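What the coordinates show
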Amino acid sequence: MSGDGADPILTADGLGFDRAARPILDAVSLRLDRGEVLVVMGPSGCGKSTFLALVGGLLQPSRGSLCCRSARTAMMFQEPRLLPWRTALDNVAFALKGDDVSAQSRLARARDALSALSLGTEDFGKYPRQLSGGMRQRVALARTLVGRPDLLLLDEPFAALDTGLARDMRAVLHDYLRRELASAVIVTHDPREALELGGRVVVFSKAPGRIAFEMAPDPAALGDMSVERLNRLEAALIDAGGQV
Amino acid sequence: MTGLAGGKPRFSGLFFGTLGVGGLLLLWELGHRLYGSLVLPGLDDTVAALLRLHRQGQIWPALAQTAWHAGLGWGIGAIAGSVCGGLAGLHRPVRQALQPVSVILLGIPAIAWIVLALLWFGGGWAVIFTVAVATGPIVFAAATQGARSLDGELAQMARAFGTPPGAMLRDVYGPHMVGHLFPALATALAMSWKVAVMAELLSGSGGIGDGLAAARARVDTAETMAWITVVVSVLVAVDQGLLRRLQCRAELWRDTEGTGAG
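Now for a description of the structure that goes with this document. (Residues numbered from 1 in each chain as written. Chains lettered and ligands numbered in written order. Predicted model: local features only at pLDDT ≥ 70, side-chain atom pairs only at ≥ 80, totals over all residues. Heavy atoms only, no water.)

Regarding the overall build of chain A
Counting its secondary structure elements, chain A contains 7 helices and 9 strands. Here the C-alpha atoms of chain A give a radius of gyration of 18 Å, agreeing with the 18 Å that 2.2 N^0.38 yields for 244 residues. C-alpha extents for chain A along the principal axes are approximately 50 × 40 × 35 Å. The buried share of chain A, reckoned over its 244 residues, is 52%. (Helix = DSSP H or I, 4+ residues; strand = E, 2+ residues; numbered from the N terminus. Rg over C-alpha atoms; globule rule 2.2 N^0.38 Å. Buried < 20%, exposed > 50% of the residue type's maximum accessible area, 1.4 Å probe, protein only.)

So, the side chain of serine 192 of chain B
Tracing the chain through its elements places serine 192 of chain B in helix H8 (residues 165–203). The contact partners of serine 192 of chain B, leaving out residues within four places of it in the chain, are Ala70, Trp74, Val131 and Thr135 of chain B. (Contact = heavy atoms within 4.5 Å.)

A word on the sheet that holds strand S2 (residues 22–32) of chain A
Residue and element names in this part refer to chain A. With antiparallel pairing, 3 strands are arranged side by side in an open sheet as S2-S1-S4. The two strands at the open ends of the sheet, each matched to only one other strand, are S2 and strand S4 (63–68). Averaged over neighbouring strand pairs, the angle between their axes works out to 25° when direction is ignored. By the bridge criterion, 7 bridges tie strand S1 (residues 10–19) to S2 in an arrangement that is antiparallel. Bridge pairing in S2 places leucine 15 opposite valine 28. (Pairing = 2+ DSSP bridges. Axes fitted to C-alpha atoms, helices over the stretch in contact; angles between N-to-C directions.)

Things to note about unusual backbone geometry
All names here are of chain A. Between alanine 207 and proline 208 the backbone carries a cis peptide bond, its omega angle lying at -5°. Secondary-structure assignment places proline 208 in the loop between strand S8 (200–204) and strand S9 (211–215). Although it is not a glycine, alanine 27 adopts a positive phi angle of roughly 50°. On the accessibility criterion, alanine 27 (43% relative accessible area) is partly exposed. You will see that serine 118, though not glycine, has its phi angle at about 60°, which is positive. Mapping serine 118 onto the fold places it in the loop between helix H3 (103–116) and helix H4 (133–145). Assessed through its relative accessible area of 57%, serine 118 is described here as exposed.

Regarding the nonpolar core
Residues Phe51, Leu152 and Val185 of chain A are the most contacted members of the largest nonpolar core, which totals 90 residues. In this structure, valine 185 of chain A is in contact with Leu10, Leu32, Leu38, Val40, Phe51, Leu52, Leu151, Leu152, Leu153 and Leu154 of chain A, ignoring residues within four places of it in sequence. Counting 15 residues, the second largest nonpolar core, distinct from the first, contains Ala49, Ile59, Ala226 and Trp227 of chain B. (Core = buried A, V, L, I, M, F, W, Y, C linked by side-chain atoms within 4.5 Å.)

Here we look at the packing of aromatic side chains
Under the counting rule described, the total for this entry stands at 6 aromatic pairs over all chains. With a centroid separation of 5.8 Å and an interplanar angle of 75°, the aromatic rings of tryptophan 113 of chain B and phenylalanine 129 of chain B are classed as edge-to-face. A residue pair is termed long-range when its members are at least 10 positions apart, and tryptophan 113 of chain B in helix H5 (residues 110–120) and phenylalanine 129 of chain B in helix H6 (residues 123–148) qualify at 16 residues. Given a relative accessible area of 7%, tryptophan 113 of chain B falls into the buried group. With a relative accessible area of 24%, phenylalanine 129 of chain B lands in the partly exposed category. Relative to phenylalanine 121 of chain B, the ring of tryptophan 120 of chain B has its centre 6.4 Å away and its plane inclined at 90°; by these criteria the two rings are edge-to-face. The exposure class of phenylalanine 121 of chain B is partly exposed, given its relative accessible area of 47%. An aromatic cluster is present here, built from Trp113, Trp120, Phe121 and Phe129 of chain B joined pairwise through their rings. When the ring centre of phenylalanine 77 of chain A is taken as reference, the NZ or CZ atom of arginine 81 of chain A above it lies at 3.9 Å. (Phe/Tyr/Trp six-rings, centres within 6.5 Å; stacked < 30°, edge-to-face > 60°. Lys NZ or Arg CZ within 6 Å of the ring centre and 35° of its normal.)

Notes on the packing of helix H3 (residues 59–90) of chain B against H8 of chain B
All names here are of chain B. Their axes nearest at 9 Å, the elements H3 and H8 cross at an angle of 135°. By the criterion of interaxial angle, the relationship of H3 to H8 is oblique. Where H3 crosses over H8, the two elements pack in a sense that is right-handed. When H3 is examined against H8, the residues Leu63, Gln65, Thr66, Ala67, His69, Ala70, Trp74, Ala78 and Ser82 are found in contact with a partner set consisting of Leu181, Leu185, Ala188, Leu189, Ser192, Trp193, Ala196, Val197 and Glu200. For the contact of H3 with H8, the per-class residue count stands at 12 nonpolar, 5 polar and 1 charged. (Parallel < 35°, antiparallel > 145°, perpendicular 65-115°, else oblique. Left-handed = near helix turned anticlockwise from the far one by under 90°. Nonpolar A, V, L, I, M, F, W, Y, C, P; charged D, E, K, R; others polar.)

Here's the deal with the interface of chain A and chain B
Tallying the contact residues gives 24 residues for chain A and 28 residues for chain B. The three residues of chain A that bury the most area against chain B are Arg81, Trp85 and Arg129 of chain A, which together make up 30% of that side's buried surface. Viewed at the interface, chain B and chain A are joined by 3 salt bridges. Across the pair glutamate 153 of chain B and arginine 81 of chain A runs a salt bridge, and its minimum N-O distance is 3.7 Å. At the junction of chain A and chain B, the tally comes to 6 residue pairs in polar contact (both at pLDDT 80 or more). Elements with a contribution of two residues or more to the side of chain A that touches chain B: strand S5 (73–76) and H4 of chain A. The class makeup of the residues in the side of chain A that touches chain B is 12 nonpolar, 6 polar and 6 charged. (Buried area = accessible area lost by both parts, 1.4 Å probe. Salt bridge = Lys/Arg side-chain N within 4 Å of Asp/Glu carboxyl O. Polar contact = N/O pair within 3.5 Å; in protein donor to acceptor, adjacent residues only side chain to side chain.)

Structure representation (structure tokens):
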């Protein structure tokens, strides 16, 4: 548990989820304050993605309670999940379909979001299969940010990218979170990335996933990559049954 | 260079297509010379019969009537097939109930449906019913397959963004279903014309089929061939002028050349 400030954006209390009578997630209690970043780690199958799906409202808890007070939540998956029959621009504008704004306004905002991610205007009209893997993931990030959500749920968003592109996209994400004072729950396998993201880190145990370890955020909020912090996190991951 | 590369296959297709049609017309003329006008009228006789029918004002009303019968029957079959197929693809019990029914309906020859429809309805509705019942199961099979292969991850992504139902249909489910339904709808449309003409011929409910029946009664082979030419021309025009263009437009995202570099 962290922070005692009022009005957390997310509160989970004894949260549990079963699939086919098998517990996937159990007794997860945590809170996320506004503007806070929570990094979730743990071994494969420990329920990290399930936790994100529960927060995103894609699944209903089997036990416990979950209270999400975000004005707008956006999700990004490990794969871009772009609509193959829509152009890059239309894919980004798709995130605004639920908004009461004109099509022109949706497209204008989508153009701005793509430009902010350094995608050239010549690529706006391309279909996903015409884009490289990195470009597709940039389009997916633009789609996530275009609605200016105050809660981001990111499931290993940069895992499939090369180091340079992953770093650039993390920088865009950091910039957004700082500018919009938004909160984020980010799932990652990579301890270095977890520390670079600079938030509070929780490590789930093997299924059924429970919080096995918690590390406070980097006090300097700069992504403290000290050997001591990295060693502690790696040890916690091994204890939880994961691999480093 | 792209234009040239893209132009070559198009020119080659046009050339060999013309060659094929030319060969067929040559065989037709050869058959006429071998067996005489009663068995197979010459090209000139057929064109003359076609012009005569046109002058007498018979072609357009017959064409309109057949188009109405075929179009309405196809529309009913397409809607029923799409809705039932969509439900069958999404719900296993519906699929288990409707799939055997579809197989049975597919197994009944169109000619048998015409006989039954004449007894049940008679007139134009017999034709419309026959077309609907002959084309519906084809669309049903495609819609079932389309709905079964819907991408759950895309639907989940759309729900994560709070996409309203209308947009889900337009942007997620619709384009996916079109990919599966379009070939079936095109096949069913071509079939609807053939079945409609056959049903009209037997039911005497107007249209091109009625024209064919009248020509047969007079043993006017040239007029028969003229009506056949009308049916084939409409089918080719619909296929080349409408269906292919629609398909190209609907599948632009699939056919685009070149993929990303990395």
